[in-house]
Amino acid sequence: MTAPLTPPPHQPPHNNGHSDPWQAPDPMTGHLPPAPAAPQPYDDGPGLRTELREAAVVAIGVAVVGLALGALWLWLAPRVPLVSDASAVYLKDTEGEQAIGIDGTFALLGLAFGAVTGLAAFLWRRRGGVPLVVGLALGSLLGGVLAWRFGVWLGPTQNVAAHAKELGKGVVFDAPLELNAKGALLAWPLAALVVHLGLTGLFGPRDPDPYFATPYAAQHGDGGAAPTAH
């Protein structure tokens, strides 16, 4: 004669998240207690294709904003006065620092536009992601180049000799808008990345701790029974 198949009283059987067939019903209701809920799968994002699409939208949108930067640069940058004596064109103020001011104006505007676009990208997609950051960096760099060329195109003519001949001897006119310090093109992307990464690190979503996100039963295999103090 065989012994009845009953679990030992000191060790509860493993149920792996399902109802225990040996568990006694609730004396008040007469029903078995509900089984512990299964752990919810972690949301790992919308997928690579969606992230690449969003990165492309960010890159194009940020690059187009470069037109506004170029217009502001032309409006705010100092002018370099030139004068002609009918044989050559000279700087009217040989000790002026207008050229340095033109580069500095572009760099300061790039920093401001970088802060704004970095904040806008974070508010649009708080979860961030590598594709979004790459799109923001590329769009900022393209936007800076577009702003530079657009400002030059809107500014005074590049044909200085013909313009001086047209105006005549002794007439002061503005030199073409130029960006001598090409490193100023990096001000926008650097500011955008610093602001976006800083906001993501401070206010972005956090990944759940895999230890605490898993129920006690799944970690220890004891049917969900946590240790009790005796």
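Counting of residues starts from 1 at the beginning of each chain's written sequence and follows it residue by residue. Only residues with pLDDT of 70 or above have their local features reported here, since the model is predicted, and side-chain atom pairs are shown and tallied only from 80 upward, although totals for entire chains, interfaces and linings are computed over all residues. Note that the side-chain values use all heavy atoms of the structure and ignore hydrogens as well as water.

1. A short note on the overall build of the chain
- The secondary structure listing takes helices from DSSP runs of H or I that are at least 4 residues long and strands from runs of E that are at least 2 residues long, numbered from the N terminus. Looking only at helices and strands, the chain has seven helices and three strands in total.
- In the chain, the order of α-helices and β-strands from amino to carboxyl end is α-β-β-α-α-α-β-α-α-α.
- For the exposure calls, accessible area comes from a 1.4 Å probe over protein chains only, and a residue counts as buried if that area is under 20% of its type's maximum, exposed if over 50%, partly exposed in between. The 230 residues of the chain split such that 28% are buried.
- The contact definition used throughout considers only heavy atoms, calling two residues in contact when any of these lie within 4.5 Å. For the chain, contacts bridging at least 24 residues in sequence account for 73% of all contacts bridging at least 6.

2. So, a nonpolar patch on the surface
- Surface patches are drawn from residues lacking salt bridges whose relative accessible area is over 30%; two like charges belong together within 9 Å, two nonpolar side chains (Val, Leu, Ile, Met, Phe, Trp, Tyr) within 5 Å. For the area figures, the Shrake-Rupley method with a 1.4 Å probe applies, and any residue is considered shielded solely by the protein chains shown. Here, a salt bridge means any Lys or Arg side-chain nitrogen found within 4 Å of an Asp or Glu carboxyl oxygen. A cluster of nonpolar side chains, Ile60, Val64, Leu67 and Leu146, forms an exposed patch at the surface whose accessible area comes to about 330 Å².
- Along the chain, Val64 turns up in helix H1 (residues 48–76).
- Among the residues examined, Val64 registers a relative accessible area of 48% and is labelled partly exposed.

3. Description of the pattern of salt bridges
- Inspection of every chain in the model, using the stated rule, returns two salt bridges.
- We note a salt bridge from Arg125 to Glu54, for which the minimum N-O separation is 2.9 Å. Here Glu54 lies in helix H1 and Arg125 lies in the loop between helix H2 (98–124) and helix H3 (130–154), a separation of 71 residues in the sequence.
- Looking at Arg125, the relative accessible area reads 24%, which means it is partly exposed.
- Overall, the relative accessible area of 12% leaves Glu54 in the buried class.
- Two residues, Asp174 and Arg79, come together in a salt bridge whose shortest N-O distance is 3.9 Å.

4. Notes on the environment of Val83
- Note on placement: Val83 falls in strand S1 (residues 81–84).
- Linking Val83 and Gly168, residues 85 residues apart in sequence, is a C-alpha distance of 9.3 Å.
- Residues in contact with Val83, not counting those within four places in the same chain, are Ala88, Val89, Tyr90, Lys92, Gly170, Val171, Val172 and Phe173.

5. Some points on the packing of aromatic side chains
- Ring geometry is summarised as follows: Phe, Tyr and Trp rings, the Trp one being its six-membered ring, pair when their centres sit within 6.5 Å, and such pairs are stacked at plane angles under 30 degrees, edge-to-face over 60 and tilted between the two. For the structure shown, the criterion picks out three aromatic pairs.
- Note on Phe113 and Trp188: the rings are 5.6 Å apart at their centroids and 70° apart in plane angle, and the pair reads as edge-to-face. One end of the pair, Phe113, is in helix H2; the other, Trp188, is in helix H5 (residues 187–203), with 75 residues separating them in the sequence. Here Phe113 and Trp188 have matching classes, each one buried.
- Lysine and arginine charges are scored as sitting over a ring when NZ or CZ, respectively, is within 6 Å of the ring centre and within 35 degrees of the ring normal. Lying over the aromatic face of Trp124, Arg125 brings its terminal NZ or CZ to 4.3 Å of the ring centre.
- Sitting over the ring of Trp148, Arg149 keeps its end group 4.8 Å from the ring centre.

6. Considerations on the nonpolar core
- Take the buried Ala, Val, Leu, Ile, Met, Phe, Trp, Tyr and Cys residues and link them wherever side-chain atoms come within 4.5 Å; each set so joined is a nonpolar core. The biggest cluster of nonpolar side chains holds 27 residues, and the ones touching the most others in it are Leu69, Trp73, Phe106, Trp148 and Leu179.
- Elements supplying a minimum of two residues to this core: H1, H2, H3 and H5.
- Not counting the four nearest positions on each side in its chain, Leu179 is found in contact with Trp73, Asp103, Phe106, Trp148, Ala184 and Leu185.

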